[in-house]
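Survey of secondary and tertiary structure
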Amino acid sequence: MTQQKRFFLNSVFSIALVLFTLGCSNDNRPETGNLQAYLETSSTMINELIACAAGGSSNVLASPSHPVSIFFLPEGHATNFRYFETENIAVANDDFSAYSQVDLNDVPVFGGFLRYFEREAIQTEKWGIVTYENNGAIHYSNPIRIKFSEKPTEANNSLLSLDQTEPLSPRFTWKDGLIPENAIYFHVITGPDGNLLSGTYTFAKTWQFYDLSNVVLNIRDITPPPALSSNNNYQYTMLAVSLDNWVNLIIQRDFNTF
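Since the structure is predicted, the reported quantities are computational estimates derived from the model, not experimental observations.

**Looking at the overall build of the protein**
When its secondary structure is counted, the protein shows 2 helices and 19 strands. Buried positions account for 49% of the 258 residues belonging to the protein. For the protein, the exposed surface amounts to about 11400 Å²; the carbon and sulfur share of it is 50%.

**Let's talk about the sheet that holds strand S12 (residues 160-163)**
Read from one edge to the other, the open sheet built from 3 strands follows the order S12-S13-S16, with strand pairing classed as antiparallel. In the strand order of this sheet, the two ends are held by S12 and strand S16 (206-208), each with one partner. In this sheet, adjacent strand axes meet at a mean angle of 15° when their direction is disregarded. Pairing of strand S13 (residues 171-174) with S16, which is carried by 3 bridges, proceeds in the antiparallel orientation. Bridge pairing in S16 links Phe-172 to Trp-207.

**Points about the pairing of strand S19 (residues 247-256)**
Where strand S11 (residues 154-155) and S19 come together, 2 bridges link them in parallel fashion. Across the sheet, residue Glu-154 finds its bridge partner in S19, namely Leu-249. The sheet contact formed by strand S18 (residues 233-241) and S19 spans 9 bridges and is antiparallel. Counted as the bridge partner of Gln-235 is Asp-254 from S19.

**Regarding the sheet that holds strand S15 (residues 196-202)**
Read from one edge of the open sheet, 6 strands run S11-S19-S18-S14-S15-S17, paired in mixed fashion. Each end of this open sheet is capped by a strand with a single partner; those strands are S11 and strand S17 (215-218).

**Details of the pattern of salt bridges**
Enumeration over the complete set of coordinates arrives at 6 salt bridges. One salt bridge in this structure joins Lys-151 and Glu-181, with 2.7 Å as the shortest N-O distance. Note that Lys-151 is positioned in the loop between strand S10 (144-146) and S11 and Glu-181 in the loop between S13 and strand S14 (184-190), a separation of 30 residues in sequence.

**Concerning the packing of aromatic side chains**
Counting across every chain of the model gives 17 aromatic pairs. With centroids separated by 6.3 Å and ring planes inclined at 70°, the aromatic side chains of Phe-96 and Tyr-99 adopt a geometry described as edge-to-face. With respect to class, Phe-96 is no different from Tyr-99; both count as buried. Each residue in the set Phe-172, Trp-207, Phe-209, Tyr-210, Tyr-234, Tyr-236 and Phe-255 is aromatic and connected to the rest through ring pairs, giving one cluster.

**Comments concerning unusual backbone geometry**
Residue Tyr-210 is reached from Phe-209 by a cis peptide bond, and omega for that bond is -5°. Mapped onto the secondary structure, Tyr-210 falls in the loop between S16 and S17. Within the chain, Asn-80 stands out as a residue other than glycine whose phi angle is a positive 55°. Mapped onto the secondary structure, Asn-80 falls in strand S4 (residues 79-85). You will see that Phe-110, though not glycine, has its phi angle at about 55°, which is positive.

**With respect to the nonpolar core**
Core analysis: the largest hydrophobic core is formed by 23 residues, its most contacted members being Leu-114, Phe-186, Tyr-201, Ile-219, Leu-239 and Val-247. Ranked by residue count, the leading element in this core is S14, at 3 residues. Counting 19 residues, the second largest nonpolar core, distinct from the first, contains Leu-228, Tyr-234, Tyr-236 and Leu-249.

**Details of the side chain of Lys-126**
You can see Lys-126 is positioned in strand S8 (residues 126-134). For the buried Lys-126, no salt bridge is present, and the opposite-charge side chain at shortest range is Glu-85, 4.4 Å distant. For Lys-126, the side chain forms a polar contact with the main-chain oxygen of Glu-87, separated by 3.0 Å. Sequence-distant contacts of Lys-126, defined by excluding residues within four places in its chain, comprise Glu-85, Thr-86, Glu-87, Asn-88, Ile-89, Arg-119, Ile-144, Arg-145 and Ile-146.

**Observations concerning the environment of Gly-112**
Positionally, Gly-112 belongs in the loop between strand S6 (105-109) and strand S7 (114-119). Taking the C-alpha atoms as reference points, Gly-112 and Pro-74, separated by 38 residues in sequence, lie 9.5 Å from one another.

The rules we used
- Residues numbered from 1 in each chain as written.
- Predicted model: local features only at pLDDT ≥ 70, side-chain atom pairs only at ≥ 80, totals over all residues.
- Heavy atoms only, no water.
- Helix = DSSP H or I, 4+ residues; strand = E, 2+ residues; numbered from the N terminus.
- Buried < 20%, exposed > 50% of the residue type's maximum accessible area, 1.4 Å probe, protein only.
- Areas by Shrake-Rupley, 256 points an atom, 1.4 Å probe, with all protein chains shown as cover.
- Pairing = 2+ DSSP bridges.
- Axes fitted to C-alpha atoms, helices over the stretch in contact; angles between N-to-C directions.
- Salt bridge = Lys/Arg side-chain N within 4 Å of Asp/Glu carboxyl O.
- Phe/Tyr/Trp six-rings, centres within 6.5 Å; stacked < 30°, edge-to-face > 60°.
- Core = buried A, V, L, I, M, F, W, Y, C linked by side-chain atoms within 4.5 Å.
- Lys, Arg positive; Asp, Glu negative; His and termini not counted.
- Polar contact = N/O pair within 3.5 Å; in protein donor to acceptor, adjacent residues only side chain to side chain.
- Contact = heavy atoms within 4.5 Å.

Right, dumping it as structure tokens:
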């Protein structure tokens, strides 16, 4: 594994995935309000779970009543999704005993390929961690710094430039927004049915469909690779994520092929 890939796995956006596997999980584990106690109910704990959070004045991927969204990528037959949170950020973010379970509703997005927890607005910064169970193991994310009040997520489609010189291979280029603390960028293309067609991450502020030369992680690595078709409507979504897994910028734009 290269140093760049190791960084990618252990920091930004908790960007890590094991190979998609089929499996089942044990949903009969005892309820525990403490993350440390919950992790200790399993003999296998895996720190490989993609998660981040966003929230601001915009209702993109959120709602007025629940403006904070904690996104995560389940794998295989993952179940028993849980969210744990600290009271504030005055604790060490790796002290799992400081995280208490918060019961939140989780909903599918991008055709169910990803999910997110819906959370009400909070007035102080907190650390959050997502967990799920798969193949008898508990998977957990890196800590997410919830900065809803301090650095609300910006939604600004005007920062995106779309080049359709190659109609079925459009190039997306963007600028950082009001908070230029982004370390990685997550791109999603959804089809006319709203389902995820491709999901990729880059360190660069540009990406062309379906060029993987600057992609550091491809969450839908399939054969044959995803392809656009002529005379169809698609949607591009980009999340700009900081080192502490907070989304600073969301861009979402529809485009038509020809």
